[in-house]
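Take a look at the letters that make up each chain.
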Amino acid sequence: MGDRWLAGSAYERFMGRWSRALAVQFTSWVNLPAGLHWLDVGCGTGALTRAIVEAMKPASVVACDPAAPLVDSARQQLQDVRVSFRVAGAGNLPRREDGYGSISSLLVLNFLPSPEAALREMVSLATAGGTVSACVWDYRGRMEMLRYFWDAVTRTDPAAAPLDEGNRFRICEPGPLKRLWEERLVEVKCEALEIRTNFASFDDYWEPFLGGTGPAPSYVATLNAPRRADLARNIRETLPVSSDGTIELVARAWAVRGRVDGRPN
């Protein structure tokens, strides 16, 4: 089963609302000066692009993603003369003649065919002294909305365990992530970032999983109605639902950054 990326609106409801909150923390954590030229690798629906524009005062941002529906959604939501959107992915990233002062990727590194090759390409497009950064969900640990989902999946369908993002994406742990950056960059730092993912009700939690966009919704799309209902019941029994029906969870991500060896920033 492959991951499906069918619609920007479905992604927004499933993950985009949390990506936006994380993007604000991530750009603050990267902490770069104004006036840089940025490349946003795997821009999705534009969460990181918007955070860059609003907080980092960039000279320009080139935002790219191989999924045309997501790029179209991002382009519609963010219109700024400093921003250009491209349908492009790892292996064919947009080049800039003088390089980029900052190249960043939010919640996409683990989906690339080769994170190692992608990082090499990003480093090659950066200026000397430029910064390369990324942020990924802590799938095996405290990305709770997905952990509750996949734990329930493997209880009801043990054969689906290889689809669990915690099993698939071992790069999304601080050790492997930091080591990858240290192979090609200097002054590497890797830290945890956390946001709250609060849901008004179980339906608010569950219905975005029915949108068919992303790994977990792609799995749900393969189930018939009785199996979907059984999975929903299983998840609901384990979620920390408050007396008023709300659900309060935490989403942790790992952020990493490093500098291209050369002149200082």
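Scroll up for the structure.
All of the points below concern the structure found in this document. (Residues numbered from 1 in each chain as written. Predicted model: local features only at pLDDT ≥ 70, side-chain atom pairs only at ≥ 80, totals over all residues. Heavy atoms only, no water.)

Section: the side chain of Arg257
Examined against the element boundaries, Arg257 turns out to sit in strand β7 (residues 247-259). Buried and unpaired, Arg257 has no salt bridge, with Glu191 as the nearest side chain of opposite charge at 5.7 Å. In terms of polar contacts, Arg257 uses its side chain to reach the backbone carbonyl oxygen of Trp29, at 2.7 Å. Filtering out sequence-adjacent residues up to four positions away, Arg257 remains in contact with Trp29, Val30, Thr131, Val132, Ser133, Trp181, Glu187, Val188 and Lys189. (Helix = DSSP H or I, 4+ residues; strand = E, 2+ residues; numbered from the N terminus. Buried < 20%, exposed > 50% of the residue type's maximum accessible area, 1.4 Å probe, protein only. Lys, Arg positive; Asp, Glu negative; His and termini not counted. Salt bridge = Lys/Arg side-chain N within 4 Å of Asp/Glu carboxyl O. Polar contact = N/O pair within 3.5 Å; in protein donor to acceptor, adjacent residues only side chain to side chain. Contact = heavy atoms within 4.5 Å.)

Describing the pairing of strand β3 (residues 83-87)
Where strand β2 (residues 60-65) meets β3, five bridges bridge the pair, whose relative direction is parallel. Directly across from Asp65, in β3, lies its bridge partner Val87. (Pairing = 2+ DSSP bridges.)

Focus: the sheet that holds β2
Taken in spatial order, the seven strands of this open sheet run β3-β2-β1-β4-β5-β7-β6, and their pairing is mixed. Lying at the two open borders of the sheet, with one neighbouring strand each, are β3 and β6 (186-199). In this sheet, adjacent strand axes meet at a mean angle of 20° when their direction is disregarded. Where β6 lies against β7, twelve bridges are found, and the strand directions are antiparallel. Looking at β7, one finds that Ala192 is bridged to Trp254. In the packing of helix α3 (residues 68-77) onto the sheet, the strands contacted are β2 and β3, and the crossing angle to β3 comes to about 165°. (Axes fitted to C-alpha atoms, helices over the stretch in contact; angles between N-to-C directions.)

Regarding the environment of Ala221
Along the polypeptide, Ala221 turns up in the loop between α9 (215-220) and α10 (225-238). In this structure Ala221 comes out as partly exposed when scored by relative accessible area, which is 41%. Along the primary structure Ala221 and Ile103 are separated by 118 residues, whereas in three dimensions their C-alpha atoms are 34 Å apart.

So, the packing of helix α5 (residues 144-156) against α10
The interhelical angle for the contact between α5 and α10, taken along N-to-C directions, is 125°, at an axis separation of 9 Å. Here α5 lies oblique to α10, going by the angle between them. Between α5 and α10 lies a crossing whose hand is right-handed. Within the contact between the two elements, α5 uses Tyr148, Phe149, Ala152, Val153, Arg155 and Thr156 and α10 uses Asp230, Leu231, Asn234, Ile235 and Thr238. Partitioning the contact of α5 with α10 into residue classes produces six nonpolar, three polar and two charged. (Parallel < 35°, antiparallel > 145°, perpendicular 65-115°, else oblique. Left-handed = near helix turned anticlockwise from the far one by under 90°. Nonpolar A, V, L, I, M, F, W, Y, C, P; charged D, E, K, R; others polar.)

Examining unusual backbone geometry
The backbone of Leu107 shows a phi angle near 65°, a positive value even though the residue is not glycine. The buried category is assigned to Leu107, whose relative accessible area is 9%. With a phi close to 55°, Glu187 is a non-glycine residue in the positive phi region. As for its placement among the helices and strands, Glu187 is situated in strand β6.

Here's the deal with the environment of Gly211
Examined against the element boundaries, Gly211 turns out to sit in the loop between α8 (202-206) and α9. Classification of Gly211 by relative accessible area gives partly exposed; the value is 36%. Measuring from C-alpha to C-alpha, the distance between Gly211 and Phe199 comes to 17 Å, with twelve residues separating the pair along the chain.

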